[in-house]
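A structural walkthrough
Next come the chains, spelled out residue by residue.
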Amino acid sequence: MRNQDSRLLPLQNQSETVSIRPGVSVLSVLKHLNYKPWYALAEFVDNSIQSTLQNLDELRSKEGEDYVLKVDIELEEYDEGRIIIRDNAAGIKYEDYHRAFRPAEIPPDRSGLAEFGMGMKSAACWFSPQWSVRTSALGENVQREIRFNIEEIITDSVEELTILTTEEGEESHYTEITLTALHKLPSGRTLSKIKEHLTDIYRVFIREGILQLTFKGDVLDYEEPPILEAPMYNANNEPEGDPLVWRVSLDDFDFGDELKATGFAALRAEGSTKYSGFSLFRRNRVIEGSADEKYRPQHIFGAPNSYVYQRLFGEIHLEGFDVSHTKDGFRWDENEMPFLELLKERLNQSPLPLLRQANNYRANPPRREVEEVAEQVTERTVMSLSLAREAIEKTFTDQVEEGPPESVEDMRLVSTRYLDLDFENKKWRIVLEMSDESSVGDFISLSESVIENEDGGGRELLGVRVSLSHPFMRRFVGIDSEKLEPVIRLVAAFALSEKLARDAGVRRCGTMRLRFNKIIKDALSRG
């Protein structure tokens, strides 16, 4: 830093220093913070917004009522990488300059987005060992620049840095932060994630016309997810009544100790396990729940494959809660579960019970999604079959008995259910059993006989047993009820079809079941 300063001295009209003590040693460890790139960049945007909001009347007086804060983030990916953040906010005023560069110097007003006195310094050191800030404050006719070289500051125990001051027109007001020789150079998929997260984090300021945020030349614009408009669906997944807009207000949601929540909750018109969920705000800025990292507590959303998980979303503005110093999460203490209990109750209240509607509503997925899923599943299934040709060919040499036995061997069962029904002029009793006995090789087992006793009433008996420990079930179904139920229903239909075909005179009906059991075990249970 000494050599760097001396080279720049001839360019200065004035020479002044700024103290960066106490605690300059902390600057060397800031690169190890648990930041994500979008949260680190958000620290700079926070400062720009705060500068604008604190000086909005003066900025509009100077620039006109249509003044808009513009923050431009540039990323140069060649060499060691460089990030430049520019804004047209009010700049860093002289009276704030010395405080702005001292570590952990808490600002006098903590009611805005800049409240810890570490945001810019933490983010800059996390990204880069060499960074500079160049600024011209509203109403001042100077430009000030300060340069940080963290290695030299630590090695030489530097406690003061030179402010490089040059003349500037009074009409200028801006700040430019340059980060060089990056520790972490964002690239690939991270770049699109940065855009998504920054757009989500600052959606309120963007849609209210306060902020125009640009990343790598692209203006970030937030699009509201379409809200479901549909009749209320009952427990049988059937519509009732006229279409409704499934959005509820959460205004005046007060749960004591000066803790409050406002906002809204709604159901997405199109389900999405990636983008559903809540975004939690503080002071109009998303703290938790941006882009694909939404706030989805299991107490409300359930498992990732649930219908609530796919459709419920919303914005919740919290008051009275503290946040982490990196502003990527709330410090709930013991208040999260009481909040969730009240929120869940509110989400299921009439006349728009969102949770019930999400569970009951069914819609045909878009053709595009059906095609994508169908292609993926078909490709994987064909691959499994092609890798197991011998197993398939072997099924054609097996001999099959004329019919299933009257009973199957006793084994450990986890569930047994009986169903009596009249069908095709016969009385039936279907016994559906599920076993977790690992010694069972067949996926589906059948038994049949006639019940002659009084309880049976001369009914035809069809016993259907499904192995829950079968490799196909372990790999693709598990104990998830929403996956298990459709499989069991298909098995029951398969078994009943075999029985009816045999009664109609079709010979060797069991051949299909025997070969089905072999193929699903030896071929389709594999990866």
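Residues numbered from 1 in each chain as written. Predicted model: local features only at pLDDT ≥ 70, side-chain atom pairs only at ≥ 80, totals over all residues. Heavy atoms only, no water.

Details of the environment of S51
Within the fold, S51 resides in helix α2 (residues 37-54). Residue class for S51 comes out buried when judged on its relative accessible area of 13%. Between the C-alpha atom of S51 and that of N88, which follows or precedes it by 37 residues, the distance is 9.7 Å. When residues no more than four places from it in sequence are discounted, the contact partners of S51 are A89, A90 and G91. (Helix = DSSP H or I, 4+ residues; strand = E, 2+ residues; numbered from the N terminus. Buried < 20%, exposed > 50% of the residue type's maximum accessible area, 1.4 Å probe, protein only. Contact = heavy atoms within 4.5 Å.)

Some thoughts on the pairing of strand β5 (residues 142-149)
Of all the eight residues making up β5, seven are buried; the element is thus mostly covered by neighbouring parts of the structure. Direction of pairing for strand β4 (residues 130-136) relative to β5: antiparallel, over a ladder of six bridges. Bridge pairing links W131 to F148 in β5. Connecting β4 to the antiparallel partner β5 that follows it, the hairpin turn spans five residues, and G139 within it adopts a positive phi of roughly 85 degrees. As paired elements, β5 and strand β6 (residues 160-167) share four bridges and run antiparallel to each other. Within β6, the position partnered with Q143 by the bridge is T166. (Pairing = 2+ DSSP bridges.)

So, the nonpolar core
Core analysis: the largest hydrophobic core is formed by 62 residues, its most contacted members being F44, I73, F101, F148, L179, Y202 and L211. A per-element tally of this core places α2 first, with eight residues. Excluding residues that lie within four positions of it along the chain, L179 makes contacts with F44, G81, R82, I83, I85, A124, F127, S128, Q130 and W131. Grouped together as the second largest cluster of nonpolar side chains are 36 residues, A261, V308, F321 and F339 included. (Core = buried A, V, L, I, M, F, W, Y, C linked by side-chain atoms within 4.5 Å.)

Things to note about the packing of α2 against helix α7 (residues 189-201)
It is at 9 Å that the axes of α2 and α7 come closest, and there the two elements cross at 50 degrees. By the angle class used here, α2 and α7 are oblique. Crossing handedness for the pair α2 and α7: right-handed. Between α2, through P37, W38, Y39, L41 and A42, and α7, the contact on the second element is made entirely by T190, K193, I194, H197, L198 and I201. When the residues that make up the contact of α2 with α7 are grouped by side-chain class, the tally is eight nonpolar, two polar and one charged. (Axes fitted to C-alpha atoms, helices over the stretch in contact; angles between N-to-C directions. Parallel < 35°, antiparallel > 145°, perpendicular 65-115°, else oblique. Left-handed = near helix turned anticlockwise from the far one by under 90°. Nonpolar A, V, L, I, M, F, W, Y, C, P; charged D, E, K, R; others polar.)

Description of the side chain of T178
Looking at the secondary structure, you find T178 in strand β7 (residues 174-180). Exposure remark for T178: the relative accessible area of 12% places this residue in the buried category. If sequence neighbours within four positions are ignored, T178 has contacts with R82, I83, I84, Q130, W131 and S132.

Quick word on helix α5 (residues 119-127)
Helical geometry note: an α-helix holds 3.6 residues per turn, so side chains three or four residues apart project in the same direction. In terms of residue burial, α5 counts as a mostly covered element, since nine of its nine residues are buried. Structurally, α5 contributes buried residues whose contacts are with α2, β3 (82-87), α4 (94-100), β4, α6 (150-155) and β7.

Some thoughts on the side chain of E315
Among the secondary structure elements, E315 is positioned in strand β17 (residues 312-319). For E315, a relative accessible area of 4% gives the class buried. A distance of 3.0 Å separates a polar atom in the side chain of E315 from a polar atom in the side chain of R203. Polar contacts involving the side chain of E315 include one to the side chain of R207, which spans 2.7 Å. For E315, the residues in contact, after removing those within four places along its chain, are R203, R207, Y222, T262, G263, F264, F278, S279 and F281. (Polar contact = N/O pair within 3.5 Å; in protein donor to acceptor, adjacent residues only side chain to side chain.)

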